[in-house]
Amino acid sequence: MPARCIPEQPVFENSGEERAFNALRAQLPAEAVLLHSVWFMDRKRNDREADFIILWPGVGFIVIEVKAGEIWFENGTWWQRHPTGPGEIHPVEQARNAKYLMNEYL
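Bear in mind that the values here come from a model prediction, so they are computed numbers and not experimental data.

Undergrad: Explanation requested: helix H1 (residues 15-27) in the structure shown.
TA: Note that an α-helix has 3.6 residues per turn; residues three or four places apart therefore point the same way. Its 13 residues place the ends of H1 18 Å apart at the C-alpha level, agreeing with the 18 Å of an ideal helix rising 1.5 Å per residue. Along H1, the residues classified as buried are Gly16, Glu17, Ala20, Phe21 and Leu24. Buried residues of H1 fall within an arc of 130 degrees about the axis and therefore sit on the same side. Opposite the buried face of H1, at more than 90 degrees from it, the exposed residues are Arg19 and Ala26. On its buried side, H1 packs onto strand E1 (4-6), strand E2 (33-41), strand E3 (47-56) and strand E4 (60-64). Measuring from the side-chain oxygen of the N-cap residue of H1 to the backbone nitrogen of Gly16 gives 3.0 Å; that N-cap residue is Asn14.

Undergrad: Mind showing me how you'd approach the confidence of the model for the protein chain here?
TA: Any residue range with low pLDDT should be treated as having predicted coordinates unsuitable for detailed reading. Looking at the protein chain, the pLDDT average stands at 92 and 100% of residues meet or exceed 70. The lowest-confidence element of the protein chain is helix H2 (residues 91-105), averaging 90 in pLDDT; the highest-confidence one is strand E5 (residues 71-74), averaging 96.

Undergrad: Just checking my understanding: could you explain the sheet that holds E2 for this structure?
TA: Backbone-to-backbone hydrogen bonds pair the strands of a sheet. The strands run either parallel or antiparallel. Taken in spatial order, the four strands make up an open sheet running E1-E2-E3-E4, and their pairing is mixed. A strand with exactly one partner marks an edge of an open sheet, and here the two such strands are E1 and E4. Each adjacent strand pair in this sheet contributes to an overall mean axis angle of 30 degrees, direction not counted. Pairing analysis gives five bridges linking E3 to E4, with the strands arranged antiparallel. Each residue of the ladder has a partner; that of Trp56, found in E4, is Gly60. Here H1 sits on the sheet and contacts E1, E2, E3 and E4; the angle it forms with E3, its principal contact strand, is near 20 degrees.

Undergrad: What am I meant to see in the pairing of strand E6 (residues 77-82) here?
TA: Looking down a regular strand, the side chains alternate between one sheet face and the other. Note: E5 against E6, four bridges, orientation antiparallel. Bridging from a neighbouring strand, Ile71 pairs with Gln80 of E6. The pairing of E6 with strand E7 (residues 85-89) spans five bridges and is classified as antiparallel. When the sheet's bridge partners are listed, Trp78 is paired in E7 with Ile89. Here E6 folds back onto E7, and the loop between the two strands holds two residues.

Undergrad: How do you make sense of the sheet that holds E5 when you look at a structure like this?
TA: Read across the open sheet, the three strands follow the order E5-E6-E7; overall the sheet is antiparallel. Looking along the sheet, the strands with just one partner apiece sit at the ends: E5 and E7. Ignoring which end each strand starts from, the neighbouring axes of this sheet average 35 degrees apart.

Cut-offs used in this document
Think of each chain on its own: its residues are numbered from 1, step by step along the sequence as written. Local features in a predicted model are, by the rule used here, given only for residues with pLDDT of at least 70; side-chain atom pairs are given and counted only at 80 or more, and totals for whole chains, interfaces and linings are based on all residues. To get the side-chain values, all heavy atoms of the structure are used, and hydrogens and water are removed first. Elements are defined by DSSP. Helices are runs of H or I of four residues or more, strands are runs of E of two residues or more, and each kind is numbered from the N terminus. For a helix, the expected span equals 1.5 Å multiplied by the residue count minus one. Using a 1.4 Å probe on the protein chains alone, a residue whose accessible area is under 20% of its type maximum counts as buried, one over 50% counts as exposed, and one in between counts as partly exposed. Taking the helix axis as origin, the arc is that swept by the directions to the C-beta atoms. We call two residues in contact when some of their heavy atoms are within 4.5 Å. We call two N or O atoms a polar contact when they sit within 3.5 Å, provided that within protein one can donate a hydrogen and the other can accept it, with sequence-adjacent residues counted only if both atoms are side-chain atoms. Scored from 0 to 100, pLDDT records how confident the predictor is in each individual residue. Strands pair, by our definition, only if DSSP identifies at least two bridges between them. Orientation is described by axes fitted as lines to C-alpha atoms, over the contacting stretch for helices, and by angles from 0 to 180 degrees between their N-to-C directions.

Okay, here's the thing in structure tokens:
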């Protein structure tokens, strides 16, 4: 039996999120909960979003940031190719911020 998903039928930003969701749902145990697109507000009233949060009783939780398209890491910086050219991205920082906010919430 796959993990419980919230929402059950998510709307995805991109195909990478959909592929990640399907893989996670299929591999997580039934007692785990897979949350998609969880929004938080930090103490400075900035909105933050976690692509996925897995809640796993007896284990803990994890935040996963998903990027689609061409992604690479060069000289200490993450990059993503856009139609207008490469752009710097911060997936680790995004996941870390969401992790701290989730921990605060719990």
